[in-house]
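Here is how the chains run, residue by residue.
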Amino acid sequence: AVETLRKALRGMEANPTAQDIAGTLNDLGLAHCARGEYPEALDAVERARAKYEDGSDEHGLATAIGNLGLVHQSRGDYREAESKYLDAEARMQGDGPGRARMLNNRARLNLARGVYREAESLFVRAADIYDKEGLNPEAAGSVAPVLMSGWFGVHVASVLFAYASFALACVIGITYVLLFK
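About the thresholds
- Residues numbered from 1 in each chain as written.
- Predicted model: local features only at pLDDT ≥ 70, side-chain atom pairs only at ≥ 80, totals over all residues.
- Heavy atoms only, no water.
- Phe/Tyr/Trp six-rings, centres within 6.5 Å; stacked < 30°, edge-to-face > 60°.
- Buried < 20%, exposed > 50% of the residue type's maximum accessible area, 1.4 Å probe, protein only.
- Helix = DSSP H or I, 4+ residues; strand = E, 2+ residues; numbered from the N terminus.
- Expected span 1.5 Å × (residues − 1).
- Core = buried A, V, L, I, M, F, W, Y, C linked by side-chain atoms within 4.5 Å.
- Contact = heavy atoms within 4.5 Å.
- Patch = residues over 30% accessible without salt bridge, like charges linked within 9 Å, V, L, I, M, F, W, Y side chains within 5 Å.
- Areas by Shrake-Rupley, 256 points an atom, 1.4 Å probe, with all protein chains shown as cover.
- Salt bridge = Lys/Arg side-chain N within 4 Å of Asp/Glu carboxyl O.
- pLDDT = per-residue confidence, 0-100.
- Axes fitted to C-alpha atoms, helices over the stretch in contact; angles between N-to-C directions.
- Parallel < 35°, antiparallel > 145°, perpendicular 65-115°, else oblique.
- Left-handed = near helix turned anticlockwise from the far one by under 90°.
- Nonpolar A, V, L, I, M, F, W, Y, C, P; charged D, E, K, R; others polar.

Chemist: Help me understand the packing of aromatic side chains, please; the structure alone is not making it clear to me.
Modeler: To describe a pair of aromatic rings, one takes the distance between the centres and the angle between the planes. Summed over all chains, the structure comprises 1 aromatic pair. Ring centres 5.1 Å apart and planes at 50 degrees place the aromatic pair Y176 and F180 in the tilted group. Judged by relative accessible area, Y176 falls into the exposed class, the value being 55%. Assessed through its relative accessible area of 56%, F180 is described here as exposed.

Here it is as structure tokens:
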């Protein structure tokens, strides 16, 4: 993933837009973070943040700052992570789902710290934002369409029937073996 994102960055050199480059840098930083390459992750996300500093995309800037928080949290630097999350949340005042994501990030940070009551409070605040906006974070692409299909119930019933049939066959087989050894 890291190499693919680097190639994408090189490919944008012909007609780059700041948003395209910044988005790819953000993704590159998160890929480095997932691999535990924190200096590279911080560098890439900081470069993304710098691309957004011109003020043309406040949401992009807030996202980059939130991603810096994710990298710092992954490194174990919780104080810096919280600072970034708070900054990003403040910049997302008009963006309910964005603000809710930052609240979720802060809640997960508090879970990692062992501050459970504060985490719960932040999760509740995020859920309230999703409810107020009429959004369901679980339905935002995370549930496969097949699970919402009417045929899913038929599939589950047929699998359960197959397991029940197999279990019955096992019981009959064991009974046969025990009775007629």
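After that view, the rundown keeps rolling.
Chemist: Help me understand helix α2 (residues 18-34) in this model?
Modeler: The α-helix winds at 3.6 residues per turn, so residues separated by three or four positions along the chain end up facing the same way. If you check α2, its first and last C-alpha atoms are 24 Å apart, about what 17 residues at 1.5 Å a residue would give, namely 24 Å. Turning to α2, its buried residues are I21, A22, T24, L25, N26, L28, G29, A31, H32 and C33.

Chemist: I tried to follow the nonpolar core on my own but got confused; where do I start?
Modeler: Buried together is how nonpolar side chains tend to be arranged in soluble globular proteins. Counting residues in hydrophobic clusters, the biggest one holds 15 residues, and the most contacted among them are Y52, Y85 and M102. Contributing elements (two or more residues each) for this core: α2, α3 (38-52), α4 (58-75), α5 (78-91) and α6 (96-113). By residue number, the principal contributor to this core is α4, which donates 4 residues. Apart from residues lying up to four places away in sequence, Y52 is in contact with Q19, A22, G23, N26, D57, G60, L61 and A64. By size, the runner-up hydrophobic cluster in this structure holds 7 residues, among which are L103, A126, I129 and Y130.

Chemist: Whenever I open this one, a nonpolar patch on the surface confuses me. Can you help?
Modeler: Side chains of Y176, V177, L179 and F180 sit close together on the surface and give an oily, nonpolar patch of about 490 Å² of accessible area. For L179, the location among the structural elements is in helix α9 (residues 151-179). The class for L179 is exposed, based on a relative accessible area of 61%.

Chemist: Would you mind showing me how to read the environment of A62 here?
Modeler: Inspection of the secondary structure puts A62 in helix α4. Taking the C-alpha atoms as reference points, A62 and A88, separated by 26 residues in sequence, lie 4.5 Å from one another. In this structure A62 touches A88, R91 and M92, once residues within four positions along its chain are discounted.

Chemist: Honestly, the confidence of the model for the protein in this entry has me stumped. Any pointers?
Modeler: Looking at the protein as a whole, its pLDDT mean stands at 82, while 83% of the residues score no less than 70. Helix α8 (residues 145-148) is the least confidently modelled element of the protein, averaging 60 in pLDDT, while α5 averages 92, the highest of any element.

Chemist: What is the right way to read the pattern of salt bridges from this model?
Modeler: Where charged atoms from two side chains of opposite charge come close, those side chains can pair. By the definition in use, this model includes 11 salt bridges. Residues R35 and E37 are paired through a salt bridge, measuring 3.1 Å at the closest nitrogen-oxygen approach. Linking R106 and E89 is a salt bridge whose minimum nitrogen-to-oxygen distance equals 2.7 Å. Taken together, the residues span a long stretch of sequence, with R106 in helix α6 and E89 in helix α5 at a distance of 17 residues. Note on R106: relative accessible area 10%, which makes it buried. In the salt-bridge network here, residues are joined through shared partners; they are E89, R99, R106 and R125.

Chemist: Hey, could you run me through the packing of α6 against helix α7 (residues 116-133) in this one?
Modeler: Two quantities define a packed helix pair, namely the angle between the helix axes and the distance between the axes. Remark: α6 packs on α7, axes separated minimally by 8 Å, with the N-to-C direction vectors making an angle of 165 degrees. In terms of their interaxial angle, α6 and α7 are classed as roughly antiparallel. Note on packing geometry: the crossing formed by α6 with α7 is left-handed. Between α6, through G96, P97, R99, A100, R101, L103, N104, R106, A107, R108, N110 and L111, and α7, the contact on the second element is made entirely by Y116, E118, A119, L122, F123, R125, A126, I129, Y130 and E133. Along the lines of polarity and charge, the residues of the contact of α6 with α7 split into 12 nonpolar, 3 polar and 7 charged.

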